[in-house]
Amino acid sequence: FKKLKLEGQSKDELMEMGMTFNDMIQLLESNYKSQEQFVANASHELKTPLTIIESYASLLKRKGLDRPELFNESIEAIHSEAIRMKEMTEQLLLLAKHKEQWNISMEVLDLSELAMGSAKAFRNAYGREIHVNGQHEVFGYSDESKLKQLLFIFLDNAQKYSDDRIVVDVGSLKGEGYIRIVDRGIGIAKDKLPLVFDRFYRVDAARNRQGGGVGLGLSLAVEIAEAIGVRIELHSVEGEGTTAEIWIQREVTKIGLC
Ligand code: ADP
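Now for a look at the structure at hand. Everything quoted here is computed from the prediction, not taken from an experiment.

**Details of the site of the ligand**
In the vicinity of the ligand, 20 residues are found, and the nearest of them are Asn157, Lys160, Tyr161, Asp183 and Leu218. Separating an oxygen atom of the ligand from a side-chain N or O atom of Asn157 is a distance of 2.9 Å. At 3.1 Å, a backbone N or O of Val203 approaches an oxygen atom of the ligand. Isolated, the ligand exposes 530 Å² of accessible area, and the fraction of that covered by the protein chains is 98%. Looking at the shell around the ligand, the elements that each hand over two or more residues are α4 (144-160) and α6 (217-227). Residue composition of the shell around the ligand, grouped by class: nine nonpolar, eight polar and three charged.

**Points about the packing of helix α3 (residues 111-126) against α4**
Across the interface, α3 lies against α4 with an axial gap of 10 Å and an inter-helix angle of 45°. Between α3 and α4, the crossing angle belongs to the class labelled oblique. Handedness of the α3/α4 crossing: right-handed. From α3, Leu111, Leu114, Ala115, Ser118, Ala121, Phe122 and Tyr126 reach across to α4, where they touch Glu144, Leu147, Lys148, Leu151, Phe152, Leu155, Asp156 and Gln159.

**Considering the packing of α4 against α6**
Two numbers describe how α4 lies on α6: the axes approach to 10 Å, and their chain directions differ by 155°. The angle between the axes of α4 and α6 places the two elements in the roughly antiparallel class. Seen along the crossing, α4 lies across α6 with a hand that is left-handed. Across from Lys146, Gln149, Leu150, Ile153, Phe154 and Asn157 in α4, the residues of α6 making contact are Gly217, Leu218, Leu220, Ala221, Ile224 and Ala225. Here the residues of the contact of α4 with α6 are counted per class, giving eight nonpolar, three polar and one charged.

**So, the pairing of strand β4 (residues 166-173)**
The element β4 is largely enclosed, with a buried count of six among its eight residues. With five bridges joining them, strand β2 (residues 130-134) and β4 adopt parallel strand pairing. Bridge assignment links Val132 to a residue of β4, and that residue is Val168. By the bridge criterion, seven bridges tie β4 to strand β5 (residues 176-183) in an arrangement that is antiparallel.

The rules behind the values
Residues numbered from 1 in each chain as written. Predicted model: local features only at pLDDT ≥ 70, side-chain atom pairs only at ≥ 80, totals over all residues. Heavy atoms only, no water. Near = heavy atom within 4 Å. Polar contact = N/O pair within 3.5 Å; in protein donor to acceptor, adjacent residues only side chain to side chain. Areas by Shrake-Rupley, 256 points an atom, 1.4 Å probe, with all protein chains shown as cover. Helix = DSSP H or I, 4+ residues; strand = E, 2+ residues; numbered from the N terminus. Nonpolar A, V, L, I, M, F, W, Y, C, P; charged D, E, K, R; others polar. Axes fitted to C-alpha atoms, helices over the stretch in contact; angles between N-to-C directions. Parallel < 35°, antiparallel > 145°, perpendicular 65-115°, else oblique. Left-handed = near helix turned anticlockwise from the far one by under 90°. Contact = heavy atoms within 4.5 Å. Buried < 20%, exposed > 50% of the residue type's maximum accessible area, 1.4 Å probe, protein only. Pairing = 2+ DSSP bridges.

By themselves, these figures tell us nothing about what the structure is for.
Have a look at this one:
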């Protein structure tokens, strides 16, 4: 009886050890996976400001001596993008740890101004025509840097998957401000649309390899939107184009906007 009891005990202990071991492996595996994802994520998000810096630096290199008027604009863009990269690196480091530690600073933002500033930086970097239809006095309550990051993800996709001009509409409806990014590009098939927010998902991986991303932009967009209290929607018709919408709350009670 004693022996059986002992055997029983050691069996339990063995099972417990086995479970602990499995837990440890799972933890190690998930840490490894999230680390891998973090590296890919970081590279993707740092690509946009790096492209802007690279394009201005090469512009200065090619034409800077003959056209000194380019100097101020280029240095300003390089400087502000370097700051953006620094901020983004810090934020990505936070993202790799805990989202609760993100340095979110909510404030009332002029959405037209924000959209026009982002569109200008984007236009200069990619040489793409971006038309902004901005209403006056459209405000939203959010985090400026993260909202810009979100807008850049959608602008980046619009320029990657369309050749035509990109339109950005800013407006308000039923107490919410919105920024809408419209492209007339390749669009996304109806059955693929719910999948594009998954990490590493690309509709056509082979076609997207050249100039395309790694399929992290939209999954990061979901995380950013959640953190800064905005809603995102993606509407698309294959072969016709895509519309991305960012809906931003106005802080009605605190600041008396309506
Ligand atoms: P990626 O960096 O590959 O663009 P995203 O997560 O931003 O990653 O997007 C996932 C996939 O959704 C893309 O690979 C692309 O196939 C599709 N997609 C996203 N935005 C658009 C768009 N504006 N037009 C067409 N396809 C898009």
